[in-house]
Amino acid sequence: MDLGATAEEEAFRHRLRAWLRETLPKLPPNPPATDWPARLAHDRAWQRALYDAGYAGLHWPSDAGGRGATPTQHLIFLEETERAGAPYVGANFVGLLHAGPTIAAEGDAAQRARWLPPILRGDEIWCQGFSEPEAGSDLAALRTRAVRDGDSYVVTGSKIWTSHAEVADWCELLVRTDPSAPRHRGITWLALPMDAPGVTVRPLRTLAGSDEFAEVFLDGVRVPVANRVGAENDGWRVTMVTLAFERGTAFAGEVIACRRTLTRLARTARANGRWDDAVLRRRLGRLNAEFAALWRLIQWNVSEADHAARTGGSGVPGEAGSVFKLRYSEARQELYEAAAAVLGPESLDAGQAWTADRLSSLSYTIAAGTSQIQRNIVAERVLGLPKAR
């Protein structure tokens with residue numbers, strides 16, 4: 001892996017820094033977490049600013065509307081925007097980090113032309129309709145049914161933990177199209193318009209008090225066959241593409257944020273006298289090494305995917321994404337447990353951002369595939385161990 005920056009890439013870094021210095025002071029303050037209309041407008045405006053400046057979909061292929069940036073340019077973008085305190089993708093994250101890359105990799109020309117430009121501009125928001133109430137972590141146990149009727153599928157069932165369904169225009173939806181096929185063989189990936197008749201959204205409130213997840217009920221919803229990405233009953237393979245992006249690169253910016261949080265914790269510990277605790281210092285030092293290693297793993301994953309794309313492969317992150325996701329989700333929880341040790345009673349203040357972040361961290365060993373699922377993937381696909389019986 002060679003991620004040394006070239007002169008051109010360093011010039012890119014300086015241009016990006018200059019643009020961030022000029023642009024960020026002009027942005028309005030972040031809206032309240034519970035004001036969804038304001039949050040949606042804020043996230044869309046930031047995405048449009050990135051698009052107009054040529055930074056949207058930076059690492060996407062040029063034929064998908066991106067700039068075909070090098071892996072190093074992609075990582076420079078993540079580093080510089082996070083360090084500058086730029087907004088996160090927010091409500092755009094499913095489209096930008098999951099559905100968009102999947103459509104770019106698996107969609108036909110018409111689908112790429114229809115869906116990718118609005119995602120890059122921030123005009124259309126996507127949500128993810130994978131999990132189901134009775135399936136738990138076993139995604140292949142989904143029951144939402146789609147029956148072919150002419151040029152449409154008629155979809156009936158329900159989804160849960162559907163990210164940003166309350167504001168989404170589209171949903172990347174997994175359905176069962178052949179109930180008689182083996183569990184992984186009868187699944188299809190559809191793009192569902194959220195304003196279709198028969199779609200009902202019921203928001204869910206999380207432990208932290210936010211409501212970015214929802215239940216989605218589908219009652220005879222008609223979805224055009226043209227909205228199918230990949231072949232009928234080949235949705236499990238397409239889904240593995242989606243999950244490879246979700247687990248391989250979607251958390252990259254958050255690793256940088258965690259490293260910055262760790263620096264703040266060390267500074268706070270020095271200020272409040274807890275730095276004298278040798279056990280705490282070792283704890284923070286180990287976390288610093290953990291996140292440095294995770295960042296290197298991201299660099300390796302991105303470099304590997306880029307090399308594969310340039311040598312005839314798909315450019316989709318591989319199973320190493322599960323290695324990253326497994327360790328990152330647990331390291332993030334350990335980070336906020338350490339924050340509680342540094343902050344003491346202050347960490348229990350519901351008005352503190354630390355508290356909300358700590359509560360949010362509890363979900364990371366479940367979201368995007370539980371740690372148990374990731375261990376199975378690593379054991380079977382990376383280490384070559386036999387499947388569990």
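Read on for a plain summary of the structure.

What counts and how
- Residues numbered from 1 in each chain as written.
- Predicted model: local features only at pLDDT ≥ 70, side-chain atom pairs only at ≥ 80, totals over all residues.
- Heavy atoms only, no water.
- Buried < 20%, exposed > 50% of the residue type's maximum accessible area, 1.4 Å probe, protein only.
- Helix = DSSP H or I, 4+ residues; strand = E, 2+ residues; numbered from the N terminus.
- Pairing = 2+ DSSP bridges.
- Core = buried A, V, L, I, M, F, W, Y, C linked by side-chain atoms within 4.5 Å.
- Salt bridge = Lys/Arg side-chain N within 4 Å of Asp/Glu carboxyl O.
- Axes fitted to C-alpha atoms, helices over the stretch in contact; angles between N-to-C directions.
- Parallel < 35°, antiparallel > 145°, perpendicular 65-115°, else oblique.
- Left-handed = near helix turned anticlockwise from the far one by under 90°.
- Contact = heavy atoms within 4.5 Å.
- Nonpolar A, V, L, I, M, F, W, Y, C, P; charged D, E, K, R; others polar.
- Expected span 1.5 Å × (residues − 1).
- Arc of directions from axis to C-beta.
- Polar contact = N/O pair within 3.5 Å; in protein donor to acceptor, adjacent residues only side chain to side chain.
- Phe/Tyr/Trp six-rings, centres within 6.5 Å; stacked < 30°, edge-to-face > 60°.
- Lys NZ or Arg CZ within 6 Å of the ring centre and 35° of its normal.

## Let's talk about the pairing of strand β5 (residues 187-193)
Side chains on a regular strand alternate between the two faces of the sheet.
No. 1: Here β5 lies mainly inside the structure; seven of its seven residues are buried.
No. 2: Because side chains alternate across β5, one face comprises the buried residues I187, W189, A191 and P193, and the other comprises T188, L190 and L192, equally buried.
No. 3: As paired strands, strand β4 (residues 170-176) and β5 are joined by seven bridges and run antiparallel to one another. Of the residues in β5, the one forming a bridge with R176 is I187.

## A few points about the nonpolar core
No. 1: Ranked by internal contacts, the top residues of the largest apolar core, which has 68 residues, are W126 and F291.
No. 2: Top element by residues in this core is helix α9 (residues 320-343). It accounts for nine residues.
No. 3: Counting residues in hydrophobic clusters, the runner-up holds 25 residues, among them A165, L190, L192 and L218.

## Looking at the pattern of salt bridges
No. 1: A complete count under the given rule lists 22 salt bridges for this structure.
No. 2: The partner of R237 in a salt bridge is E106, and the shortest N-O contact between them spans 2.9 Å. In this pair, R237 sits in helix α6 (residues 235-248) while E106 sits in helix α4 (residues 93-106), placing the two residues 131 residues apart along the sequence.
No. 3: Between E290 and R286 there is a salt bridge, with its nearest N and O atoms 3.3 Å apart. Placement of the pair is E290 and R286 together in helix α8 (residues 278-310), with a separation of four residues, close to one helical turn.

## Some words on the packing of helix α1 (residues 7-23) against helix α3 (residues 71-83)
No. 1: Taken N-terminus to C-terminus, the directions of α1 and α3 make an angle of 30 degrees; their axes are 10 Å apart at the nearest point. Judged by the angle between their axes, α1 and α3 are roughly parallel. The handedness of the crossing between α1 and α3 comes out as right-handed. Contact with α1, carried on its side by E9, F12, R13, L16, R17 and L20, involves T72, Q73, I76, F77, E79, E80 and T81 of α3 and no other residues of that element.
No. 2: Looking at the contact of α1 with α3, its residues break down into five nonpolar, three polar and five charged.

## Considerations on unusual backbone geometry
No. 1: Even without glycine at this site, W161 takes up a positive phi of about 55 degrees.
No. 2: Tracing the backbone shows W161 in the loop between β3 (152-159) and β4.
No. 3: Given the relative accessible area of 46%, W161 is considered partly exposed.
No. 4: Within the chain, N233 stands out as a residue other than glycine whose phi angle is a positive 70 degrees.
No. 5: Here N233 is to be found in the loop between β7 (213-224) and α6.

## Some details on the packing of helix α2 (residues 36-53) against helix α5 (residues 109-121)
No. 1: Where α2 contacts α5, the axes come no closer than 7 Å and their chain directions differ by 105 degrees. Between α2 and α5, the angle is such that the two are roughly perpendicular. Contact residues: α2 offers R44, Q47, R48 and Y51, while α5 offers I119, L120 and R121.

## Things to note about α2
No. 1: With 18 residues, α2 should reach 26 Å at 1.5 Å per residue; the first-to-last C-alpha distance of 26 Å fits that figure.
No. 2: Looking only at α2, the buried set comprises W36, R39, L40, H42, D43, W46, Q47 and L50. Looking straight down α2, one finds that the buried residues subtend no more than 165 degrees of arc, so they occupy a single side. Along α2, exposed side chains directed more than 90 degrees from the buried face belong to P37 and D52.
No. 3: Where α2 is buried, its residues touch α1, α3, α4 and α5.
No. 4: Looking at where α2 begins, the residue whose side-chain oxygen comes 3.2 Å from the main-chain nitrogen of A38 is D35.
No. 5: Following α2 by one or two positions, G54 has its phi on the positive side, about 85 degrees.

## What to know about the packing of aromatic side chains
No. 1: Across all of its chains, the model carries eight aromatic pairs by this definition.
No. 2: Measuring from centroid to centroid gives 5.2 Å for W19 and Y55, while their planes differ by 55 degrees, and the two rings are tilted. Placement of W19 in helix α1 and of Y55 in the loop between α2 and α3 is noted, with a sequence separation of 36 residues between them.
No. 3: Ring plane angle 85 degrees and centroid distance 5.9 Å describe the contact between W115 and W126, whose orientation is recorded as edge-to-face. You can see W115 sitting in helix α5 and its partner W126 sitting in strand β1 (residues 126-129), a full 11 residues away along the chain.
No. 4: Judged by relative accessible area, W115 falls into the buried class, the value being 2%.
No. 5: W126 sits in the buried class, given a relative accessible area of 1%.
No. 6: Each member of the aromatic cluster is reached from another via a ring pair, and the members are F12, W19, W46, Y55 and F77.
No. 7: The ring of Y153 carries the charged tip of R148 above its face, separated from the ring centre by 5.8 Å.
No. 8: The cationic tip of R270 hangs over the ring face of W275; the distance from NZ or CZ to the ring centre is 4.1 Å.

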